[in-house]
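Next come the chains, spelled out residue by residue.
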Amino acid sequence: MTYTINYYSDDVLSELLSLPETLQAKYLRLTERMEVFGANLGEPHTKAMGDGLFELRLKGAEGIARVFYCTLVGQRIVMLHSFIKKTTKTPRPELKIAIQRMNEVKQYA
């Protein structure tokens, strides 16, 4: 079975497509795998953040990025938020945006 990947908004898609080249390539490669194998590719590629929120972990020559996403019934994956990681710990404001968007998506799904 195949999975579909959707985006919280066009802005989220634009952010992902404007990532530095190696991070964007990694994102595209991993999402192709997700369409075939599902949302949980296992570490180091994906990590469960709790309460249905996951992160896609991108690492390339230009640095590190994270993409938060959730899953919905019907084998749908929704990309919620992305950011370039500059510290070892995920910044609380970035996580808060992802949680808020996930709750909104699940409420209207």
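Quick note: structure is the one above.
An account of the accompanying structure is given in this report.

The rules behind the values
- Residues numbered from 1 in each chain as written.
- Predicted model: local features only at pLDDT ≥ 70, side-chain atom pairs only at ≥ 80, totals over all residues.
- Heavy atoms only, no water.
- Helix = DSSP H or I, 4+ residues; strand = E, 2+ residues; numbered from the N terminus.
- Rg over C-alpha atoms; globule rule 2.2 N^0.38 Å.
- Buried < 20%, exposed > 50% of the residue type's maximum accessible area, 1.4 Å probe, protein only.
- Contact = heavy atoms within 4.5 Å.
- Areas by Shrake-Rupley, 256 points an atom, 1.4 Å probe, with all protein chains shown as cover.
- Lys, Arg positive; Asp, Glu negative; His and termini not counted.
- Charge placed at Lys NZ, Arg CZ, Asp CG, Glu CD.
- Pairing = 2+ DSSP bridges.
- Axes fitted to C-alpha atoms, helices over the stretch in contact; angles between N-to-C directions.
- Core = buried A, V, L, I, M, F, W, Y, C linked by side-chain atoms within 4.5 Å.
- Salt bridge = Lys/Arg side-chain N within 4 Å of Asp/Glu carboxyl O.

1. Some details on the overall build of the chain
Part 1 of the reasoning: For the chain, the helix and strand inventory stands at three helices and five strands.
Part 2 of the reasoning: Ordering the α and β elements of the chain from the N terminus gives β-α-α-β-β-β-β-α.
Part 3 of the reasoning: Taken over the C-alpha trace, the chain has a radius of gyration of 13 Å; the compact-globule value for 109 residues is 13 Å, and the two agree within 12%.
Part 4 of the reasoning: Reported as C-alpha extents along the three principal axes, the dimensions of the chain are approximately 35 × 30 × 25 Å.
Part 5 of the reasoning: The buried share of the chain, taken over its 109 residues, is 35%.
Part 6 of the reasoning: Sequence-distant contacts, at least 24 apart, represent 52% of the contacts inside the chain between residues at least 6 apart.
Part 7 of the reasoning: Surface exposure of the chain reaches about 6500 Å², of which carbon and sulfur atoms provide 52%.
Part 8 of the reasoning: Computed over 15 positive and 12 negative side-chain charges, the separation of the two mean positions in the chain equals 8 Å.

2. What about the sheet that holds strand β4 (residues 63-72)?
Part 1 of the reasoning: In spatial order, the strands read β1-β5-β4-β3-β2; together these five strands make up an open sheet with mixed pairing. If you trace the sheet from one side to the other, it starts and ends with β1 (4-7) and β2 (46-50), each paired once. With strand direction ignored, the average angle separating the axes of adjacent strands in the sheet is 35 degrees.
Part 2 of the reasoning: Where helix α1 (residues 10-17) meets the sheet, its contacts fall on β1, β4 and β5 (76-85), and the angle it forms with β5 comes to roughly 50 degrees.
Part 3 of the reasoning: Contacts from helix α3 (residues 92-108) reach β2, β3 (53-60), β4 and β5 within the one sheet, and its direction differs from that of β5 by about 165 degrees.

3. Concerning the pairing of β2
Looking down a regular strand, the side chains alternate between one sheet face and the other.
Part 1 of the reasoning: Summarising the sheet, β2 and β3 pair through four bridges and their orientation is antiparallel. Among the inter-strand pairings, A48 is bridged to a residue of β3, identified as F54.
Part 2 of the reasoning: Hairpin geometry of β2 and β3 is characterised by an intervening segment of two residues between the two adjacent antiparallel strands and by a positive phi of about 55 degrees at D51.

4. A word on the nonpolar core
Part 1 of the reasoning: Ranked by size, the top nonpolar core spans 17 residues in total, and within it Y27, M34, L56, L58, Y69 and M79 carry the most contacts.
Part 2 of the reasoning: With four residues, helix α2 (residues 21-37) is the largest single contributor of residues to this core.
Part 3 of the reasoning: Ignoring any residue separated from it by four or fewer positions in sequence, one finds Y27 in contact with I5, Y7, L16, L56, L58, V67 and M79.
Part 4 of the reasoning: Ranked by size, the runner-up nonpolar core spans 11 residues in total, among them F68, F83, L95 and A98.

5. Topic: the pattern of salt bridges
Part 1 of the reasoning: For the structure on display, the rule yields three salt bridges.
Part 2 of the reasoning: Of the charged contacts, one joins R57 and E55 as a salt bridge, the two residues approaching to 3.2 Å between their closest N and O atoms.
Part 3 of the reasoning: By relative accessible area, E55 is classed as buried at 2%.
Part 4 of the reasoning: Measuring nitrogen to oxygen at the nearest pair gives 3.6 Å for the salt bridge that ties E55 to R66. You can see E55 sitting in strand β3 and its partner R66 sitting in strand β4, a full 11 residues away along the chain.

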